[in-house]
Amino acid sequence: MSNTRPTIVIKVPATSANIGPGFDVVGLSLSLYLTLTVKFGVPSFDRFDISYSGEGAEEVSLDPYRNLLTRVALYVLRCNNYRSFPSDLLSIHADNQIPFGRGLGSSGAAVIAGVLLGNALGKLDLTTERMLDYALMIERHPDNVTAALVGGFIGSYLRELDPAAMVASQVPLSEVLPEYPPDAGEEWGLSPPVPPLGIGHYVRFNWNHSIKAVAIIPRFELSTAKAREVLPMQYSRKDLVFNMQRLAVLTTALGQSSPDPELVYEAMKDRVHQPYRKTLIPGLPAVTSQITPKSHPGLLGICLSGAGPTILALATHNFEAIAQSAREIFALENIEVDWKLLEVIDGSEVQEL
Ligand SMILES: Nc1ncnc2c1ncn2[C@@H]1O[C@H](COP(=O)(O)OP(=O)(O)O)[C@@H](O)[C@H]1O
Ligand SMILES: N[C@@H](CCOP(=O)(O)O)C(=O)O
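Residues numbered from 1 in each chain as written. Chains lettered and ligands numbered in written order. Predicted model: local features only at pLDDT ≥ 70, side-chain atom pairs only at ≥ 80, totals over all residues. Heavy atoms only, no water.

Asker: Account for the site of ligand 2, with residues named and values stated.
Answerer: Not every one of the 15 residues close to ligand 2 is listed here, only the nearest: Asn18, Asp24, Asp143, Arg228 and Arg277. Here an oxygen atom of ligand 2 and a side-chain polar atom of Asn144 are 3.2 Å apart. Ala307 places a polar main-chain atom, nitrogen or oxygen, 2.9 Å from an oxygen atom of ligand 2. For ligand 2, whose accessible area on its own is 340 Å², the fraction buried by protein is 98%. Broken down by secondary-structure element, the contributors of at least two residues to the shell around ligand 2 are helix H4 (142–150) and helix H7 (224–229). Counted by class, the shell around ligand 2 contains 4 nonpolar, 7 polar and 4 charged residues. (Near = heavy atom within 4 Å. Polar contact = N/O pair within 3.5 Å; in protein donor to acceptor, adjacent residues only side chain to side chain. Areas by Shrake-Rupley, 256 points an atom, 1.4 Å probe, with all protein chains shown as cover. Helix = DSSP H or I, 4+ residues; strand = E, 2+ residues; numbered from the N terminus. Nonpolar A, V, L, I, M, F, W, Y, C, P; charged D, E, K, R; others polar.)

What follows is the structure, encoded as structure tokens:
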């Protein structure tokens, strides 16, 4: 009988964050996946192998100290008294359907996959809440990572931390995820900052499963960091009230048995992030204002997905016509798009084979 540990499969969904007015607050898990297959055995040259297929396979680093997935897993392991990866780790294969830098939560999925990987490698038995704490030390807005971990239509907030915990939660990312291993024979420097307990809190809203997500995906990347740099530090009371009124309505409206297109279309408008991001995404205002429930029966609402450039249209039918109209509007700006019809699905899964 072999003593090798069973293969582990980790499956994490894509997400669409914000859904219009819920900037950094709401997220949906969508039916595109990052799937890791983790094998155990005796690695040659003391080094496990990382391989990729699918989206990003050509550009991602296969060095475990540079790759986001394995850096996150190592962070979780080091916070739990492991010095490094287990010596019987043979290989990690990542099959990725989530395009990078398009506003479909690729980095959130990678962070969650990394936390689940660290938890599985170290047999740590972390609770969902604790895994969320680890993820929030890296991706510091809760909308994508929470929806990717627990699945569904999710609202979340970050708890106000006491001053000591606040310091711990704000250490620079370079200290949470150092890129280089120590030289041979040397120990890692400082212990990594262990997350404070209970950083993120969430609730799952009802979702009417007749509503599908049409993701219209421009063929260019926009990093979330760049799309956050264009946002102002302060907002007017008028704009905040505009968003809060809509968000309060939207979180219930999308779970009703017969979603009301007029109500949802208006409730998916936003004044906190989309008006500022239009400079980075030509065509955004035209797409969100010209495709309406009147022009496209079946459409409920339309917004930027996450930080963009993907457009998220929520609809019950007429998916192709909605996508085709968005394609024509983007074509006027010389932007080509792909589109996918996605479902709102469950959260992450970890299986032993
Ligand atoms: N599966 C993955 N493995 C490794 N790195 C990833 C993975 N997914 C995303 N990333 C990293 O995250 C970056 C994209 O993050 P970000 O700008 O936040 O866009 P997104 O909207 O797709 O989350 C990629 O360029 C890559 O560096
Ligand atoms: N609330 C964040 C969400 C970023 O989502 P992503 O899928 O673009 O990473 C924001 O709008 O900046």
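Asker: Kindly report on the packing of aromatic side chains, identifying the contributing residues and their values.
Answerer: For any pair of aromatic rings, the description rests on two quantities: the centre-to-centre distance and the angle between the ring planes. Evaluation of the coordinates by the stated rule reveals 6 aromatic pairs. A ring pair is formed by Tyr235 and Tyr276, whose centres lie 6.1 Å apart and whose planes are at 75°; its orientation type is edge-to-face. Of this pair, Tyr235 sits in the loop between H7 and helix H8 (237–253) while Tyr276 sits in helix H10 (residues 274–277), placing them 41 residues apart in sequence. When the ring centre of Phe242 is taken as origin, the NZ or CZ atom of Arg246, which lies over that ring, is 3.6 Å away. (Phe/Tyr/Trp six-rings, centres within 6.5 Å; stacked < 30°, edge-to-face > 60°. Lys NZ or Arg CZ within 6 Å of the ring centre and 35° of its normal.)

Asker: Can you tell me about the site of ligand 1, naming the residues and giving the values?
Answerer: Around ligand 1, the surrounding shell holds 16 residues, and the nearest of these are Tyr52, Gly101, Ser106, Ser107 and Thr224. One of the backbone nitrogen or oxygen atoms of Gly103 is found 3.1 Å away from an oxygen atom of ligand 1. Contact between ligand 1 and Thr224: an oxygen atom at 2.7 Å from a side-chain N or O atom of the residue. In isolation ligand 1 offers 570 Å² of accessible surface; the protein chains occlude 81% of this area. Each residue belonging to the shell around ligand 1 can be placed in one class, and the counts come to 8 nonpolar, 7 polar and 1 charged.

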